[in-house]
Protein chains: 2
Amino acid sequence: MSRSGADLALLLLGGFRSLVDAAIVELAAAGYDDVRPVHDFAMRAIAGGAETTSELGRRLSVSKQAAAKTVAVLQERGWVRREPDPGDARRKRLEVTPLGFEVLRRGEAIFDQLRARWEQQIGRDELTAIETHLATLVGAAPGRLDTPGWIVHDLGEPT
Amino acid sequence: MSRSGADLALLLLGGFRSLVDAAIVELAAAGYDDVRPVHDFAMRAIAGGAETTSELGRRLSVSKQAAAKTVAVLQERGWVRREPDPGDARRKRLEVTPLGFEVLRRGEAIFDQLRARWEQQIGRDELTAIETHLATLVGAAPGRLDTPGWIVHDLGEPT
DNA sequence: ATATGATAGGTAACCTGGTTGTCTTTGTCC
DNA sequence: GGACAAAGACAACCAGGTTACCTATCATAT
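All values derive from a computational prediction rather than experimental measurement.

As a further point, take the packing of helix 2 (residues 37-47) of chain A against helix 5 (residues 98-122) of chain A. Packed helices, taken two at a time, are described by the angle between their axes plus the distance between the axes. Residue and element names in this part refer to chain A. Orientation of helix 2 relative to helix 5, taken along the N-to-C sense of each, is 120°, at an axis distance of 10 Å. For the element pair helix 2 and helix 5, the recorded crossing hand is left-handed. Between helix 2 and helix 5, the contacting residues are Asp40, Met43, Arg44 and Ala47 on the first element and Gly100, Phe101, Val103, Leu104 and Glu108 on the second. Counted by class, the contact of helix 2 with helix 5 contains 5 nonpolar, 1 polar and 3 charged residues.

Moving on to the protein's contact with DNA strand D. Near DNA strand D you find 20 residues, and of these A:Lys64, B:Ser63, B:Gln65, B:Lys69 and B:Ala89 are the closest. The sugar-phosphate backbone supplies 58% of the atoms of DNA strand D found within 4 Å of the protein. Side-chain polar atom of B:Arg90 to a base oxygen of DNA strand D: 3.4 Å apart, as the coordinates give it. Looking at the surface near DNA strand D, the elements that each hand over two or more residues are helix 3 (53-60) and helix 4 (64-76) of chain A together with helix 4 (64-76) of chain B. Split by residue class, the surface near DNA strand D holds 4 nonpolar, 6 polar and 10 charged.

A few words now on the interface of chain A and chain B. The extent of an interface is frequently quoted as the accessible surface area lost upon association of the parts. Across the boundary between the two partners, chain A contributes 45 residues, which contact 44 residues of chain B. In total, chain A and chain B occlude about 4500 Å² of area from one another, counting both sides; carbon and sulfur atoms represent 75% of this. The interface formed by chain A and chain B contains 0 salt bridges. Viewed at the interface, chain B and chain A are joined by 4 residue pairs in polar contact (both at pLDDT 80 or more). Residue assignment for the side of chain A that touches chain B shows that the elements contributing at least two residues are helix 1 (5-29), helix 2, helix 5 and helix 6 (124-140) of chain A. A total of 16 residues in the side of chain A that touches chain B trace back to one element, the largest contributor, which is helix 1 of chain A.

The transform that puts chain A on chain B rotates by 180° and translates by 0.0 Å along the axis, for an RMSD of 0.1 Å. This pairing of chains is accounted for by a two-fold axis. Distance from the rotation axis, computed per C-alpha, reaches its smallest value in chain A at A:Leu12: 2.6 Å. By residue overlap, the copies meet face to face through one surface: 98% of the interface positions of chain A are interface positions in chain B.

Bringing the pattern of salt bridges into the picture now. Tallied over the full model, the rule gives 30 salt bridges over all chains. For A:Glu55, the salt bridge identified is with A:Arg58, shortest N-O distance 3.0 Å. Of this pair, A:Glu55 and A:Arg58 both sit in helix 3, 3 residues apart, roughly one helical turn. Its salt-bridge partner being B:Arg90, residue B:Asp88 comes within 3.0 Å of it at the nearest N-O pair. Each member of the salt-bridge network shares a partner with another, and the members are A:Glu51, A:Arg81, A:Glu83, A:Arg93 and A:Glu95.

Close to DNA strand C lie 20 residues; A:Ser63, A:Gln65, A:Lys69, A:Ala89 and B:Lys64 are nearest. Each atom of DNA strand C within 4 Å of the protein was classed as base or backbone; sugar and phosphate made up 57%. Note that a base oxygen of DNA strand C is positioned 2.9 Å from one of the side-chain N or O atoms of B:Arg90. If you list the elements that add at least two residues to the surface near DNA strand C, you get helix 4 of chain A together with helix 3 (53-60) and helix 4 of chain B. Tallied by class, residues from the surface near DNA strand C come to 4 nonpolar, 6 polar and 10 charged.

Calculation criteria
Residues numbered from 1 in each chain as written. Chains lettered and ligands numbered in written order. Predicted model: local features only at pLDDT ≥ 70, side-chain atom pairs only at ≥ 80, totals over all residues. Heavy atoms only, no water. Axes fitted to C-alpha atoms, helices over the stretch in contact; angles between N-to-C directions. Helix = DSSP H or I, 4+ residues; strand = E, 2+ residues; numbered from the N terminus. Left-handed = near helix turned anticlockwise from the far one by under 90°. Contact = heavy atoms within 4.5 Å. Nonpolar A, V, L, I, M, F, W, Y, C, P; charged D, E, K, R; others polar. Near = heavy atom within 4 Å. Polar contact = N/O pair within 3.5 Å; in protein donor to acceptor, adjacent residues only side chain to side chain. Buried area = accessible area lost by both parts, 1.4 Å probe. Salt bridge = Lys/Arg side-chain N within 4 Å of Asp/Glu carboxyl O. Least-squares fit on C-alpha atoms with pLDDT ≥ 70 in both.

Given below as structure tokens:
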């Protein structure tokens, strides 16, 4: 019945949004108010080795100023700390706080749960097929979205 | 190898963005500068029967003020006209201009082309399967994204 | 016939997540 | 020591949203 290409785009966006909206709602219910995708991404990047604001900006493909704004809210909420770098007075080293890791782990659990729910609906093989194909789509595109290789999967313990 | 739920969300967003970014680039190359998804959606909604700014806002699930801003740029670019409604002095009737339809048709063609390219890569059945499953995901979600039933598929001729 | 309430639109102030441009401080390399 | 690069801070701006509030017009009930 031939969906249009625009439909496809809409479906992809819709899928993302239904996942993310559900996650935001559940995080809020768990007491973490107003966690946005950008917060999650940024904390993962920091946990994954983005030590400075400038580096964070590069990894997220945004300007360092934009990264600085994000860091400011993260810091204000106590999810990220900024401390002077002993070896370089220009830098302020970023680190995710235990509380930040908690948010990250919660978010992860929620996403996994949503994914599991969907897997149950459409079947395991179908889901992996979708993921594989999406990965090739994203990978094949003249990528504006930087390959999210920096996404840290093992959140470990909050030290 | 178990992708996480967060990966899935990222893949969906990435898929949307690679499609949309490519479309924006190609539309720009065709002389239509800075066509954003929101412009396309809004014009489709208008073409599909959203006669007033308030109605447009309702259909796009944004405030009427936000819709008014979008209409302002659409009008400025000559893609949409606003004319007083003869039967109701409060209303200003919206209509997509021939130029606006041209943009819409161009965008549609580009999306279809991108979809076709992808279909070639992963196979027809796979793509339809993905679309079907995405549709259930989006449909099943306690939908923040209003069902885009208003999306007009047949752009017809610019009259 | 008019008062009441709903609706269309406009204006203004504000938020978020971006941008560019400019500046200072600090580090590195020759 | 001098030139340049990099980190961060600050300001102005933009897009696309929000809420609050105002006026004009229409519809309806009494």
